Structure formats: structure tokens, C-alpha cells
Amino acid sequence: MTAEEIFTKLQASFSGLRIAEAQVKEYPTWTVPAQSVRAVFEQLHSEFSFGYLDVVTATDWSGPVSPKGYPQSPAVAIGAAAAPPASARDVFEVVYIVTALSTGIKLCLRCEIPRKEGASVPSLYGIFMAADWQEREVYDMFGIHFEGHPNLKRILTPETQQGYPLRKDYEHIPDKFD
Amino acid sequence: MGIVLDNLSKIENLPGGGIALAASDSLINWARASSVWPLTFGLACCAIEMMAAYASRFDFERMGVFPRPTPRQADVMFVAGTVVKKMADPIIRIYKQMPEPKFVIAMGGCANCGGPFYDSYSVVKGVDKIIPVDVYLPGCPPRPEALMYAVIKLQEKMSKMTVKGGFGATPLQAAGSRKLV
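What this report covers is the structure whose coordinates are included nearby. (Residues numbered from 1 in each chain as written. Chains lettered and ligands numbered in written order. Predicted model: local features only at pLDDT ≥ 70, side-chain atom pairs only at ≥ 80, totals over all residues. Heavy atoms only, no water.)

## Regarding the overall build of chain B
So, step 1. If you tally the helices and strands in chain B, you get 6 helices and 5 strands.
So, step 2. Seen in sequence order, chain B has helices and strands lined up from the N terminus as α-β-β-α-α-β-α-β-α-β-α.
So, step 3. Going through the 181 residues of chain B one by one, you find that 46% of them count as buried.
So, step 4. Nonlocal contacts in chain B, meaning residues at least 24 apart in sequence, comprise 71% of its contacts between residues at least 6 apart.
So, step 5. Of the roughly 9,100 Å² of accessible surface on chain B, a fraction of 59% belongs to carbon and sulfur atoms. (Helix = DSSP H or I, 4+ residues; strand = E, 2+ residues; numbered from the N terminus. Buried < 20%, exposed > 50% of the residue type's maximum accessible area, 1.4 Å probe, protein only. Contact = heavy atoms within 4.5 Å. Areas by Shrake-Rupley, 256 points an atom, 1.4 Å probe, with all protein chains shown as cover.)

And the structure:
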């Protein structure tokens, strides 16, 4: 079964599923609305044997912000902030890449959510084992909440970390190690 | 006795006898500098160079550098790699477990000052922010020969320690300094 056939079958039950304008690598790339993320992946997992979750990551699509609070090394001069590119918009995009090891198909699913405090998408915990730590990492770096994750806490940065470092508007608060 | 005579300038042979007298400083410093036992401990890519220095091509053990698996038996800690803020507490804990006198070699740009991660949100800007450092070794990463040179420098420092000066067995360096003469 090819990716196109899977897409056609899925779109019958999930009308929000679209083929994305921008493709990620050579993978078939779809956009999926946040409310049907878990159902789509459940079906991909059970019906089409997508058993391997490669990647959960996220993108902050807001425009460039001049870095604040970092201890700048004197050799580096930060110029004026660049003009926001045409693609800048106020969203977080959660990106999933999932593989069916039996057929070798890799899919990329992108899910846009409004960029705000407490932005959330459904968790894939329980479908894929790999979702546990990868979702915690996305939470750690972007502050995106994964509804239904039983242990959503920071995984890479220490508990004393303030804010979410990979957000564009992250403001670094120097601590005793800086 | 040949080795002892070569290494200890203050040793004396009494005429007509096999008794040797040496200043205790020289004897103890010679023993200490000849068996610099580091902790088996690496943080990042510098640790690969450190492992290469231990292995047969460079053979660190000919200098008396023999990695120990526990901080209780170690004299020196090579901080080989990037110190992230989450690793700061374990490093302080390991350092406190080492017996006095203890020494630290900060290996590579990251351990010296943060290196290429200076502007990062998660990197400690130099391991000397958390523990006192004896030798700073630049490089990214330094070659095994450079690490050997750092150990030689540390041995030079050890050979200047005196019983009078507290012998390096200072309190936990709360002030961050060693009473080296």
C-alpha cells in the first residue's frame, strides 16, 4: 500500500487531513488538525502498521527576536534584528515523523497550534513508546503541553530552568553558572 | 636506589654506609607526582582524547597516570568536556568525594570557559565557577600529548608543595586557593 492510498483512506474519516504545501525531505507530508492527531496516529498504528515513531519535534514560526539576557561574548556583535520572513506567523508547529518498518514508508505529519502560553496537542503516549521522552523534550524546549501525558516534566534542562529555551522570545535569566 | 638518587636532589649518601637521608618534602612530592591517579570521568568529545591518552599509542601509565574507577582513590579529576548546568551538581559531589590533596585539570575550551557554547542557555561558563582548577588546558579538543603536558605541569606544581605550606591538604578550598609555596 502506498502513501497516497493510505492518505485517501484516512481522509475518508478525517476531513481535516491535508497534503502540506511544503514537503519535508522526500517524505509524504500531511497537515493534521490538533483535535484529530491522536486518532490519526491510532489508525496509522493499528491499521497501517506504522509502529516506529522517529521524531517528535516542534517549530516556533514567529518572527526573529533579538536575543535578550545572554552573556554576550565580546567578539560577537549582534546586529539589528532582521525583518520577519514571509513565513513568520504566530503558531507553533508540532512535527511528527513516523515509519512503517514492514513497508518502509515514512510519513511526516505537521500540526499547527496557536502560539500562546499553555498551547497543547494530544499526547501519543500509549500508542508509541518513543512518544514519552520525545514529548517531554518538546515540552522542555517549547512549553507545548501534551494532553494525556502522565509524566510531563523537564527532561534535558535542570528544574531550575526558567522559560522555554527554543522559543523565539526566550529571555535568558543569568544564574550562578553564567 | 638509582631512581631515587636521580629524582631527589636533596638526598644524601652518608659516607661508608647505605643510609640515605632525604627531605621529606622531596620524597613525598616525588611519590605523589609519580602516581597521579585520575578519576575515570569524561563529559564530551575531550574524553575521547583522554581515552586515547590512556591507550597503548600514548600510554599514559608510563607517567604514573592510571585511571581509577572511584573518586575515593583518585588524586586528580580531568574535567574533559562541556559542563552543563545539570551536570554541575554531580561534579561538585564527585569532587567532594575525592580525598585531599586533590587536583583538577580543566581540559578543553568548554571546561575552561564554556568554549563555543559560551552563549548557550545551559552551559556552565567554565568549570572554575563550581570547583577550583589547577591546570587550564586549551584546545578543542586538546591532543593526548597536550593532556600529557598538562599532567607534567601539574607534576611541577606538586613538586613545589611543602609540609610547611599545609601540603596541599587544605580545607575544601572554600576560598578557592591552595597554599602552595
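## A word on the overall build of chain A
So, step 1. For chain A, the helix and strand inventory stands at 3 helices and 7 strands.
So, step 2. Mapped in sequence order, the helices and strands of chain A form the string α-β-β-α-β-β-β-β-α-β.
So, step 3. Looking at the 178 residues of chain A, the share that counts as buried comes to 44%.
So, step 4. A sequence separation of at least 24 residues applies to 63% of the contacts in chain A between residues at least 6 apart.
So, step 5. Accessible surface, chain A as shown: approximately 9,500 Å² in total, 55% of it carbon and sulfur.

## So, helix H3 (residues 46-54) of chain B
All names here are of chain B.
So, step 1. Turning to H3, its buried residues are Cys46, Ala47, Glu49, Met50, Ala53 and Tyr54. Buried residues in H3, looked at end-on, bunch into an arc of 155 degrees, giving them a common side.
So, step 2. The elements touched by buried residues of H3 are strand S3 (76-80), strand S4 (103-107), helix H5 (108-113) and helix H6 (144-158). (Arc of directions from axis to C-beta.)

## Details of unusual backbone geometry
So, step 1. The residue after cysteine 140 of chain B, namely proline 141 of chain B, is reached through a cis peptide bond having omega -15 degrees.
So, step 2. Looking at the secondary structure, you find proline 141 of chain B in the loop between strand S5 (135-137) and H6.
So, step 3. One non-glycine residue, lysine 25 of chain A, lies in positive phi territory at about 50 degrees.
So, step 4. For aspartate 59 of chain B, which is not glycine, the phi dihedral falls at a positive 55 degrees.
So, step 5. Judged by its relative accessible area of 32%, aspartate 59 of chain B is partly exposed.

## Remarks on the sheet that holds strand S5 (residues 105-114) of chain A
Hydrogen bonding along the main chain pairs the strands of a sheet, whether they run parallel or antiparallel.
All names here are of chain A.
So, step 1. With mixed pairing, 5 strands are arranged side by side in an open sheet as S1-S2-S5-S4-S3. Here the strands that pair on one side only, and so sit at the sheet edges, are strand S1 (18-19) and strand S3 (52-60).
So, step 2. Pairing between S1 and strand S2 (residues 29-31): 2 bridges, direction antiparallel. Bridging from a neighbouring strand, arginine 18 pairs with threonine 31 of S2.
So, step 3. The sheet contacts of helix H2 (residues 37-47) involve strand S4 (91-100) and S5, and relative to S5 the element is tilted by about 170 degrees.
So, step 4. Its contacts with the sheet put helix H3 (residues 131-142) on S3 and S4, and the angle it makes with S3 is roughly 10 degrees. (Pairing = 2+ DSSP bridges. Axes fitted to C-alpha atoms, helices over the stretch in contact; angles between N-to-C directions.)

## A closer look at H6 of chain B
All names here are of chain B.
So, step 1. The terminal C-alpha atoms of H6 lie 21 Å apart, and with 15 residues this matches the ideal 21 Å at 1.5 Å per residue to within 8%.
So, step 2. Taken together, the buried positions of H6 are occupied by Pro144, Leu147, Met148, Ala150, Val151, Leu154, Gln155 and Met158. One face of H6 carries all of its buried residues, which in axial projection span an arc of 155 degrees.
So, step 3. Contacts made by the buried residues of H6 are with helix H2 (24-34), H3, S3, S4 and S5. (Expected span 1.5 Å × (residues − 1).)

## Focus: the nonpolar core
So, step 1. Counting 41 residues, the largest nonpolar core has Phe41, Leu44, Tyr96 and Ile144 of chain A as the members making the most contacts within it.
So, step 2. Contributions of two or more residues to this core are made by helix H1 (3-13), H2, S3, S4, S5 and H3 of chain A.
So, step 3. Not counting the four nearest positions on each side in its chain, leucine 44 of chain A is found in contact with Ile6, Leu10, Ser49, Phe50, Val98, Leu107 and Leu109 of chain A.
So, step 4. Among the nonpolar cores identified, the runner-up in size contains 26 residues, and Ile105, Ala150, Val151 and Leu154 of chain B belong to it. (Core = buried A, V, L, I, M, F, W, Y, C linked by side-chain atoms within 4.5 Å.)

## Section: the pattern of salt bridges
A side chain of one charge can pair with a side chain of the opposite charge when the charged atoms of the two come close.
So, step 1. Applying the stated rule across the entire model yields 14 salt bridges over all chains.
So, step 2. The salt bridge involving lysine 106 of chain A is made with aspartate 54 of chain A; its shortest N-O contact spans 2.6 Å. In this pair, lysine 106 of chain A sits in strand S5 while aspartate 54 of chain A sits in strand S3, placing the two residues 52 residues apart along the sequence.
So, step 3. On the basis of relative accessibility, which here comes to 27%, the residue lysine 106 of chain A falls in the partly exposed class.
So, step 4. Lysine 157 of chain B is the partner of aspartate 134 of chain B in a salt bridge, and the nearest nitrogen-oxygen pair spans 3.0 Å. Here lysine 157 of chain B lies in helix H6 and aspartate 134 of chain B lies in the loop between H5 and S5, a separation of 23 residues in the sequence.
So, step 5. Judged by relative accessible area, which is 24%, lysine 157 of chain B ranks as partly exposed.
So, step 6. One salt-bridge network, in which partners are shared between bridges, spans Asp175 and Asp178 of chain A together with Lys85 and Lys125 of chain B. (Salt bridge = Lys/Arg side-chain N within 4 Å of Asp/Glu carboxyl O.)

Just geometry here; none of it tells us what the structure is for.
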